[in-house]
Amino acid sequence: MLDMKFIREHPEIVEEAIESKGEGDVDVQELLEADAAWRACTTELESLRALRNETSKAIGKRKKAGEDADDMILRMREVNEEIARLEGETQGLQSFMDTTLALIPNIPHPDVPRGIDEDDNVEVARWGEPRVFEFEPLAHWDLGVNLGILDFERASKITGARFSILRGAGALLERALICYMMDLHAVDHGYEEVIPPYLVNRDSMFGTGQLPKFEDDAFRVDRQDYFLVPTAEVPVTNMYRNEMLSATDLPLKMVAYSACFRAEAGAAGRDTRGLIRQHQFNKVELVQYTLPENSYEAFEDMRSQAEVVLRRLQLPYRVLSMCTGDMGFAQSKKYDLELWMPSYGDYVEISSISNFEDFQARRANLRFRRERDARPEFVHTLNASGLAVGRTTAAILENYQNPDGTVSVPEVLRPYMRGMDLIGNPLA
RNA sequence: GGAGGGGUGCCGGAGUCUGGCUGAACGGAACGGUCUUGAAAACCGUCGAGGGUACUGCCCUCCGUGGGUUCGAAUCCCACCCCCUCCGCCA
């Protein structure tokens, strides 16, 4: 959410942002008119309320003195009619403004490449070389099924399409990745470890920007109006909603594991095989709250912290700077990390690193004070996948496969897998 | 799921029966000052947020949330949410 004052003073910047992000359905001029009308209305309303307050006190005094106050009461009844009328008008304008404000996207950082869609994203780094296979490599969905560690058929029986069962060494690998990532970020990178609720309320979904625009992408629990979290970003960024932090609390760094649930209403038909696009997947997520002046430094830190995971797993990847049209509603700047997936013959998104500046903080009312008497300011919030676990599992299966259909276990994961170095060991 | 109790400012806690002078007593914490070689103690003072504006001022709103009654509500009425205790159930 943007600050109404900012919009009032810089409507052209806001219009430019809406345009560059392809969110063409918001009329800034109309909003400005509503804002002006709201302020006029409010001023009038408040002066009438002041009159009523003052008169009511006078009435109290008269009554106490045993005097008659019927004339004043009668007059206030008339004033109240006018107040009610103005209140209705003010509320109407207010709710129009709230609705409109909630649909205005964040303003892209000046460094962000301008563009329409994913073709305009800019590659800013690349690490590792895609492996050249001396045999015909299998896709992870074939490999995993052959090894008996992935079971899609039974998952669709017990739930439905786009769910999967990990079993045996597959489940162990997934769990090892979660533990490895959590340890790395908690111990080496200084994040507090968190396991949040997987169901959140509507206010939380609004706070991080999933609502109102993207309600169709989430799973909702009918009886409570709760949502299954699409990412741990939602519960963790909302942890300090409506709270006042002090500057010494910042930066606040949390690494959270959660299962993630996405309906992906618009994605039917894409990536239908394997683990790439599931309704439920595991993710380790980094979240930071920072001082406004430090958020871009933290942003780069988080990018490199996510990269470390891929490097230690020896998985080739590249880094994209997302263009304005592809970066999302709430972000100011965003990188995507994509790792090499042999079955796709291409790079596949494994992490996205986002700086929201104060956009989420304003929605969720996340504030801090620099000094005891200083006025409250909004923190900056950031997050990064560190990483999406299911896709990492898929990439390990594919990139570490051997000609005999077994899969070597990356060095760093072996301690987390009871020393296992090969999945599907023919001797076992 | 059943039965009670409760949600007030940074914290604790009055006020709610008997609506007005209560944006809120009192205590604590914190901050500034006096005193002191320094500190403690004592004393004095400050001490919520958001918004409007004719803005070194004035005004409005907020006592869990949303409605209602009234000239006027923290206080009365209705609905909902959350927390605590006991019982039941349960990993």
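Computed from a prediction, not measured in an experiment: that's the story for all the values here. In this numbering scheme, every chain counts its residues from 1 along its sequence in written order. Each chain gets a letter, beginning with A, and each ligand a number, beginning with 1, in the order they are written. The predicted nature of this model means local features are confined to residues of pLDDT at least 70 and side-chain atom pairs, given and counted, to a pLDDT of 80 or more, with totals for whole chains, interfaces and linings taken over all residues. No hydrogens and no water enter the side-chain calculation; it runs on all heavy atoms of the structure.

J.: What is the right way to look at the pattern of salt bridges in this model?
T.: Oppositely charged side chains are able to pair whenever their charged atoms sit close together. When a carboxyl oxygen of Asp or Glu is within 4 Å of a side-chain nitrogen of Lys or Arg, the pair counts as a salt bridge. According to the stated counting rule, one finds 31 salt bridges in the structure shown. Here R154 makes a salt bridge to D151, at a shortest N to O gap of 2.7 Å. Think of it in three bands: with a 1.4 Å probe and only protein chains considered, a residue is buried below 20% of the maximum accessible area for its type, exposed above 50%, and partly exposed in between. Residue classification places D151 among the buried positions, given a relative accessible area of 8%. Between R370 and E377 there is a salt bridge, and its shortest N-O distance comes to 2.6 Å. You can call E377 buried: its relative accessible area is 18%. In the salt-bridge network here, residues are joined through shared partners; they are E123, R126, R318 and E338.

J.: Honestly, the sheet that holds strand β12 (residues 333-341) in this entry has me stumped. Any pointers?
T.: Within a beta sheet, neighbouring strands are joined by backbone hydrogen bonds and run either parallel or antiparallel to one another. Taken together, the 8 strands give an open sheet; going across it, the order is β1-β11-β12-β13-β16-β10-β9-β4, and neighbouring strands pair in mixed fashion. In the strand order of this sheet, the two ends are held by β1 (122-127) and β4 (192-194), each with one partner. Averaged over all neighbouring strand pairs, the angle between strand axes comes to 25°, with direction disregarded. A pair of strands is considered paired only if DSSP assigns at least 2 bridges between the two. Helix and strand assignments follow DSSP, with helices taken as H or I runs no shorter than four residues and strands as E runs no shorter than two, numbered in order from the N terminus. Alignment of strand β9 (residues 252-261) against strand β10 (residues 280-290), held across 10 bridges, turns out to be antiparallel. Within β10, the residue paired with S258 across the bridge is K283. All axes are obtained by fitting lines to C-alpha atoms, using only the stretch in contact for helices, and the reported angles, taken between N-to-C directions, cover 0 to 180 degrees.

J.: What is the right way to look at helix α10 (residues 295-312) in this model?
T.: Think of an α-helix as 3.6 residues a turn; residues three or four steps apart then line up on the same face. To estimate the expected span of a helix, count its residues, drop one, and scale the result by 1.5 Å. Compared with the 26 Å implied by 1.5 Å per residue over 18 residues, the 26 Å span of α10 between its first and last C-alpha is a close match. Taken together, the buried positions of α10 are S295, A298, F299, M302, R303, Q305, A306, E307, V308, V309 and L310. Of the residues flanking the end of α10, it is Q314, one or two places downstream, whose phi is positive at about 60°.

J.: I'm lost on the pairing of strand β16 (residues 380-388) in this one. Help?
T.: The side chains of a regular strand alternate between both faces of the sheet. Counting buried positions over the 9 residues of β16 gives 9, a clear majority of the element. Relative to β16, β10 is paired through 7 bridges, and the arrangement is antiparallel. The partner of L286 across the bridge, within β16, is A384. Direction of pairing for strand β13 (residues 346-357) relative to β16: antiparallel, over a ladder of 4 bridges. From the neighbouring strand, S354 faces β16, where its bridge partner is N383.

J.: I keep staring at the protein's contact with RNA strand B and nothing clicks. Help me out?
T.: Surveying the vicinity of RNA strand B reveals 23 residues, the closest of which are N53, S56, K64, R77 and N80. For RNA strand B, the fraction of protein-proximal atoms (within 4 Å) that sit in sugar or phosphate groups is 69%. Polar contacts here mean pairs of N or O atoms no more than 3.5 Å apart (in protein, one a potential hydrogen donor and the other a potential acceptor; neighbouring residues in sequence count only if both atoms are side-chain atoms). Separating a base nitrogen of RNA strand B from a side-chain N or O atom of E46 is a distance of 3.1 Å. A distance of 2.9 Å separates a sugar or linking oxygen of RNA strand B from a polar side-chain atom of N80. Elements represented by at least two residues in the surface near RNA strand B include exactly α3 (28-64), α4 (70-102) and β14 (366-369). Examining the composition of the surface near RNA strand B, we find that 13 residues originate from one element, α3, more than from any other. Residue composition of the surface near RNA strand B, grouped by class: 7 nonpolar, 5 polar and 11 charged. Nearness is judged by heavy atoms alone; a residue qualifies as near a molecule or strand once a single heavy atom is within 4 Å of it. Any residue that is not Ala, Val, Leu, Ile, Met, Phe, Trp, Tyr, Cys, Pro, Asp, Glu, Lys or Arg is counted as polar, Gly included; the first ten are nonpolar and the last four charged.

These figures capture arrangement, not role.
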